[in-house]
Amino acid sequence: MNPLLLPVVAVQGMRVRSSTEVLPPASGPLTGRVPAGDDGAPDDTSDDALRLGVLGESTAAGCGVDSHAEGFTGCLAGELAARTGRPVTWEVVGQHGATARRIRYRLLPEFDGKFDTAVLLAGVNDVLSRRSPRDWGDDLAAVIDELTTRAGRVVVPGIPAFRAFPSLPRTLARFLDERAQALDEVSRRVCGERPGALWVDSAELLPVGADFFSRDGFHPSGSGYRRWAGSVAGKLPSE
């Protein structure tokens, strides 16, 4: 970006921070179970359930929806149940504003289950806090390495495109997009170096309509989380 535009970015950033509504995390249980096929049929009690864990920032915390059943975790569990015909148990640990550093040292110790698939939702706050690609990569690698000891597969979705966020002015969104792309390149490399990790590009979510976002114009709505979860589920190998 042209350095002459950085003062504009700074002013727009302050305005957005002061005017954007801070949405609470989703309420309700942090664990759950989706029946096989997600068809509303009575669930069985067999031990063939897929185990899903989701860890990360405000999107993991479910900001933008009322419950985790409507958020990314519940939507992904439903997608996996429908695609595999197996029940899915899920667990989520998330925090609004969490960077990869906070996830590594504060949230990861709380995320102590064993999973078939663990999903890491992170990067937006690292972009907003201007963390360097090197620092992002160090923390990301450490989190993934720990998760691979607890999960058969670790999935890292790419950072959503800031240019699609209704709450962001164009110049600020372009600046954030450039920083996000730099972190995504690191994520792609870090995951590519680890056989148990999979990076999933979020670019295919574009274009998005107004219904993708919650009322803050920043976090997904229930519809947005369903679309995002469906995109991620479509990249996972059949169980």
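The structure this text deals with has already been given above.
Reference entry: report on the structure contained in this document. (Residues numbered from 1 in each chain as written. Predicted model: local features only at pLDDT ≥ 70, side-chain atom pairs only at ≥ 80, totals over all residues. Heavy atoms only, no water.)

### Notes on the overall build of the chain
When helices and strands are tallied, the chain shows 8 helices and 6 strands. Tracing the chain from N to C terminus, the helices and strands come up as α-β-β-α-α-β-α-β-α-α-β-α-β-α. In terms of overall dimensions, the chain has C-alpha extents of about 60 × 35 × 30 Å along its principal axes. The long-range fraction of contacts in the chain, counting pairs at least 24 apart against all pairs at least 6 apart in sequence, stands at 79%. As displayed, the chain has an accessible area near 11,000 Å², and 51% of this comes from carbon and sulfur atoms. In the chain, 27 positive and 31 negative side-chain charges are present, and the distance between their average locations comes to 8 Å. (Helix = DSSP H or I, 4+ residues; strand = E, 2+ residues; numbered from the N terminus. Contact = heavy atoms within 4.5 Å. Areas by Shrake-Rupley, 256 points an atom, 1.4 Å probe, with all protein chains shown as cover. Lys, Arg positive; Asp, Glu negative; His and termini not counted. Charge placed at Lys NZ, Arg CZ, Asp CG, Glu CD.)

### A word on the packing of helix H4 (residues 100–107) against helix H6 (residues 133–147)
Contact pair H4 / H6: the axes reach a minimum separation of 8 Å and the direction vectors enclose 35 degrees. As for the relative orientation of H4 and H6, their crossing is left-handed in sense. Touching Ala 100, Arg 101, Ile 103 and Arg 104 of H4 are Trp 136, Asp 138, Asp 139, Ala 142 and Val 143, all from H6. Tallied by class, residues from the contact of H4 with H6 come to 5 nonpolar, no polar and 4 charged. (Axes fitted to C-alpha atoms, helices over the stretch in contact; angles between N-to-C directions. Left-handed = near helix turned anticlockwise from the far one by under 90°. Nonpolar A, V, L, I, M, F, W, Y, C, P; charged D, E, K, R; others polar.)

### Looking at helix H3 (residues 72–84)
Helix length check: H3, at 13 residues, gives a terminal C-alpha distance of 18 Å against a target of 18 Å (1.5 Å per residue), a fit within 8%. Taken as a whole, H3 has its buried residues at Phe 72, Thr 73, Gly 74, Cys 75, Leu 76, Ala 77, Gly 78, Leu 80 and Ala 81. Within two residues after H3, Gly 85 carries a phi angle of roughly 70 degrees, on the positive side. (Expected span 1.5 Å × (residues − 1). Buried < 20%, exposed > 50% of the residue type's maximum accessible area, 1.4 Å probe, protein only.)

### Some points on the packing of aromatic side chains
Evaluated as defined, the whole model comprises 6 aromatic pairs. Summarising the aromatic geometry, the rings of Phe 111 and Phe 115 are spaced 4.8 Å apart at their centres and angled 20 degrees between planes, so their arrangement reads as stacked. The exposure classification of Phe 111 matches that of Phe 115, with both residues buried. On the numbers, 5.0 Å between centres and 85 degrees between planes, the contact of Phe 165 with Phe 218 is edge-to-face. (Phe/Tyr/Trp six-rings, centres within 6.5 Å; stacked < 30°, edge-to-face > 60°.)

### A short note on the side chain of Thr 59
Relative to the helices and strands, Thr 59 is located in helix H2 (residues 58–61). Apart from the residues within four sequence positions on either side, Thr 59 is in contact with Phe 72, Leu 121, Pro 220, Tyr 225 and Trp 228.

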